[in-house]
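Chain by chain, the residues:
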Amino acid sequence: MLEQVEIQAFLGRSREPEAGSPALEAWGLVLEKAPAEEFGFVGSSRVVLRLVSAEKWRAAAARLGPGLSRLRWGSFSLPDGVDWALAQGWQCWSESPVVSRTGSLQEDRHRERWCYGDTVFYPYEEKPGCFHSWFTSLCGSFSQPEEQGFFAINGGERFACCFVFDLQAGHFFIDMDVEGLDGSRLSDGETLVDVVFPKELRSDRSLQQEGHNWVVRMLGHSTDRLTGRPSPTLGYTSWYHHYHAITENLLLKNLEACPDFFRVFQIDDGYQKSIGEWLDYQKDFAAQLSPEGLMAKIHERGCVPGLWLAPFVASESSALLERSPEFVLHDAAGEPVRCGTNDNWGGHFYALDTESQAFRKWLEETVDVWCSRGVGFFKCDFLYAAGVIPGGGFTRLERACRAHRYLGGLIAARGRSFLSCGAILEQAFGSCDYARVGADVAVFWEDPDESYHHSRERVSTRSCITNTITRSFLNGSAFLNDGDVTVLRGHDTGLTLEERRQLLHVNRALSDLQFVSCDLFDLRGEGKDLLGKLEQTERFSHIDAIIPRFDHDGSGRVGGWAVGYEVRGRLADINAPARGKPKSLAFELGPCESH
């Protein structure tokens, strides 16, 4: 196997490698077999990519010039009988679906969201059975759904790596994002990438078990995050109902109606004057976000005050960009780096230079002010912006990890909790208390317009449920999972009762941070019933199996899918079809014993 492995170099977003496929040796690399059993992966293969000559690496990279973007090595054979694999997304919002031999991933063409994910730097094949999966994957067969195989890559904080599958040909490659890397920082003997993949499909292991083992080995610890050991948490957030249109009076009415079992009361987007001006408020909040105002009342109610920030971005209308233009990140051509468009924020917004010492000083001062006002829980959003481009000799993943670790360190040093959101998923590993693992929940099951444009980072209830399942193995190992909100209300929403019940049970069972954003003072009938279920439904601390189940639409494509998970021999089906609404709810959990 190892003798056949070659390496290919790509420039920019090209789908075609540079001419020729030189041996690993030409890059000063060697691929070694390693015992997978040391990682707890019985019946799997493990290979380590090691750098034996940094001089050869630098020479090979120099020959290709500054356009070198990624390296591909392989190929490796898939286990016999593989019909599908998991396509793990780039960042926390990115949908991570199961894809079959006849399925594919399609490039994001959404006007606002095209730069949220990996479309900006990674080409999509858009061919049946050909797709990529970042850092982990899972594969299996239709005929034996309980037989599966687990894949994992550890490129440290330097290399973002993905599996590149060709299910029809029965093989896969490994891609390494090397764009922007300063080769002078490489040393002889370094392990660059460590990969585990299945030799055969087995039924005695699960995504939860294998994934937990991998995260623990990669981080070197389990549930030992920055601020200690955060606990499963329920709470209120002001987003997902009134969105930006929040007022002090509205928040106070919800605070007064907050149930005793809520632990966090979080003020989300809408209090600030603009994105980037976190200490300059909308008029209604001018005197209230103070130690003596709303924050004090949240404390008196027995909750931890929470606050939303997007610290790595600023909108084009923000005074911050005029006052401190040196904070803005610029690309190689000297242009400011745009990392999204949001009409509610006044148009485009830009990435800030997280390596700038002046920016870091400003960020530290901002966090200190909010801590002095009583904030104990920070939700930091749009964190992918730190790694939207490489720069300064760092790859995009390095930039992202360095920024995230710095932010997490600030918050942890002050004894506050940190919810990471909108981050490249590996960026958050081991450097936050909680992390979002899926899309924003919508007031509808799926938005046809955003689905039409193939946005993997779209607002979508169905996508949220999908990721809560496929990323459940991270819960309690990399961080505690945030499955996003549960929608309780039956009014001002397009979600049916069945959909809202499904969202509640899936998120409550498989994640450890659960928010509600409905008006607690205005819950009626079924909304009150769902609030009761939120308190009663206990999470599962261990999942024995996650088994994809597929429905076919007659064309051979996967028309939808459901996932069952087994707890002490108990299997529950979660219906989350790829198109349309769920036809039935076969997922109803009452109180159960965690173990």
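Please refer to the structure higher up on the page.
Below is a summary of the structure that appears in this document. (Residues numbered from 1 in each chain as written. Predicted model: local features only at pLDDT ≥ 70, side-chain atom pairs only at ≥ 80, totals over all residues. Heavy atoms only, no water.)

### Description of the overall build of the protein
Working step 1: A tally of helices and strands in the protein yields 12 helices and 28 strands.
Working step 2: Per-residue burial over the protein gives 63% buried out of 595 residues.
Working step 3: Here the contacts in the protein between residues at least 6 apart in sequence split such that 73% fall between residues at least 24 apart.
Working step 4: Split by element, the accessible area of the protein, about 21100 Å² in all, is 47% carbon and sulfur. (Helix = DSSP H or I, 4+ residues; strand = E, 2+ residues; numbered from the N terminus. Buried < 20%, exposed > 50% of the residue type's maximum accessible area, 1.4 Å probe, protein only. Contact = heavy atoms within 4.5 Å. Areas by Shrake-Rupley, 256 points an atom, 1.4 Å probe, with all protein chains shown as cover.)

### With respect to the pairing of strand 4 (residues 68-77)
On a regular strand, each side chain points to the face opposite its neighbour's, so the side chains alternate between the two faces of the sheet.
Working step 1: Burial analysis of strand 4 places eight of its 10 residues in the buried class, which makes it a mostly covered element.
Working step 2: In terms of strand pairing, strand 4 meets strand 11 (residues 171-177) through seven bridges, oriented antiparallel. Across the sheet, residue Arg 72 finds its bridge partner in strand 11, namely Asp 175. (Pairing = 2+ DSSP bridges.)

### A few points about the packing of aromatic side chains
Ring pairs (aromatic) are described by centroid distance and by the angle formed between their planes.
Working step 1: Tallying each qualifying case throughout the model produces 44 aromatic pairs.
Working step 2: When the ring of Phe 41 is compared with that of Phe 150, the centres are 6.1 Å apart and the planes differ by 25 degrees; the resulting orientation is stacked. Note that Phe 41 is positioned in the loop between strand 2 (29-33) and strand 3 (44-51) and Phe 150 in strand 9 (residues 148-154), a separation of 109 residues in sequence. Just as Phe 41 is buried, Phe 150 falls in that class too. (Phe/Tyr/Trp six-rings, centres within 6.5 Å; stacked < 30°, edge-to-face > 60°.)

### Overview of helix 6 (residues 357-372)
Count 3.6 residues to each turn of an α-helix, and residues three or four apart come out pointing the same way.
Working step 1: With 16 residues, helix 6 should reach 22 Å at 1.5 Å per residue; the first-to-last C-alpha distance of 22 Å fits that figure.
Working step 2: For helix 6, the complete set of buried residues consists of Phe 359, Arg 360, Trp 362, Leu 363, Thr 366, Val 367, Trp 370 and Cys 371.
Working step 3: Contacts from the buried residues of helix 6 go to strand 16 (277-281), helix 4 (294-300), strand 17 (304-309), helix 5 (319-323), strand 21 (377-380) and helix 7 (396-413).
Working step 4: The N-terminus of helix 6 is capped by Ser 356, whose side-chain oxygen sits 3.3 Å from the backbone nitrogen of Ala 358.
Working step 5: Positive phi appears at Gly 374, one or two residues downstream of helix 6, with a value of about 105 degrees. (Expected span 1.5 Å × (residues − 1). Polar contact = N/O pair within 3.5 Å; in protein donor to acceptor, adjacent residues only side chain to side chain.)

### With respect to the pattern of salt bridges
Working step 1: Summed over the entire model, instances satisfying the criterion amount to 33 salt bridges.
Working step 2: Among the ionic pairs, Glu 398 bridges to Arg 158, the shortest N-O distance being 3.9 Å. Of the two residues, Glu 398 is situated in helix 7 and Arg 158 in the loop between strand 9 and strand 10 (160-166); the sequence distance between them amounts to 240 residues.
Working step 3: Classification of Glu 398 as buried rests on a relative accessible area of 8%.
Working step 4: Of the residues examined, Arg 158 reaches a relative accessible area of 16% and is grouped as buried.
Working step 5: Each of Glu 95, Glu 446, Arg 458 and Arg 462 takes part in one network of salt bridges that share partners. (Salt bridge = Lys/Arg side-chain N within 4 Å of Asp/Glu carboxyl O.)

### A short note on the packing of helix 6 against helix 7
Working step 1: Where helix 6 meets helix 7, the axes come as close as 10 Å, and the angle between the chain directions of the two elements is 35 degrees. Note that helix 6 runs across helix 7; the crossing there is right-handed. Along its contact with helix 6, which presents Arg 360, Leu 363, Glu 364 and Val 367, the element helix 7 presents Arg 402, Tyr 406, Leu 407 and Leu 410.
Working step 2: Its residues placed into classes, the contact of helix 6 with helix 7 shows five nonpolar, no polar and three charged. (Axes fitted to C-alpha atoms, helices over the stretch in contact; angles between N-to-C directions. Left-handed = near helix turned anticlockwise from the far one by under 90°. Nonpolar A, V, L, I, M, F, W, Y, C, P; charged D, E, K, R; others polar.)

### Focus: the sheet that holds strand 20 (residues 347-351)
Working step 1: Taken in spatial order, the three strands of this open sheet run 18-20-19, and their pairing is antiparallel. The two strands at the open ends of the sheet, each matched to only one other strand, are strand 18 (313-315) and strand 19 (338-342). This sheet shows a mean twist of 30 degrees between the axes of neighbouring strands, independent of strand direction.
Working step 2: Two strands pair when backbone bridges link them, and strand 18 and strand 20 are joined in this way by three bridges, in the antiparallel orientation.

### Considerations on the environment of Leu 71
Working step 1: Relative to the helices and strands, Leu 71 is located in strand 4.
Working step 2: Note: C-alpha distance between Leu 71 and Pro 17 (54 residues apart in sequence) is 8.9 Å.

### Quick notes on helix 10 (residues 461-470)
Working step 1: Burial within helix 10 is extensive, with 10 of its 10 residues counted as buried.
Working step 2: Here helix 10 has its buried residues at Thr 461, Arg 462, Ser 463, Cys 464, Ile 465, Thr 466, Asn 467, Thr 468, Ile 469 and Thr 470.
Working step 3: If you check the start of helix 10, you find a side-chain oxygen 3.4 Å away from the backbone N of Arg 462, and it comes from Ser 460.

### Section: the side chain of Arg 471
Working step 1: Looking at where Arg 471 falls in the secondary structure, it is placed in the loop between helix 10 and strand 24 (480-482).
Working step 2: Here Arg 471 occupies a buried position and makes no salt bridge, while the nearest side chain of opposite charge, Glu 457, is found at 7.7 Å.
Working step 3: A polar contact is formed between the side chain of Arg 471 and the side chain of Ser 96, at a distance of 3.2 Å.
Working step 4: Among the polar contacts listed, one links the side chain of Arg 471 to the backbone oxygen of Val 437, at a separation of 3.0 Å. (Lys, Arg positive; Asp, Glu negative; His and termini not counted.)

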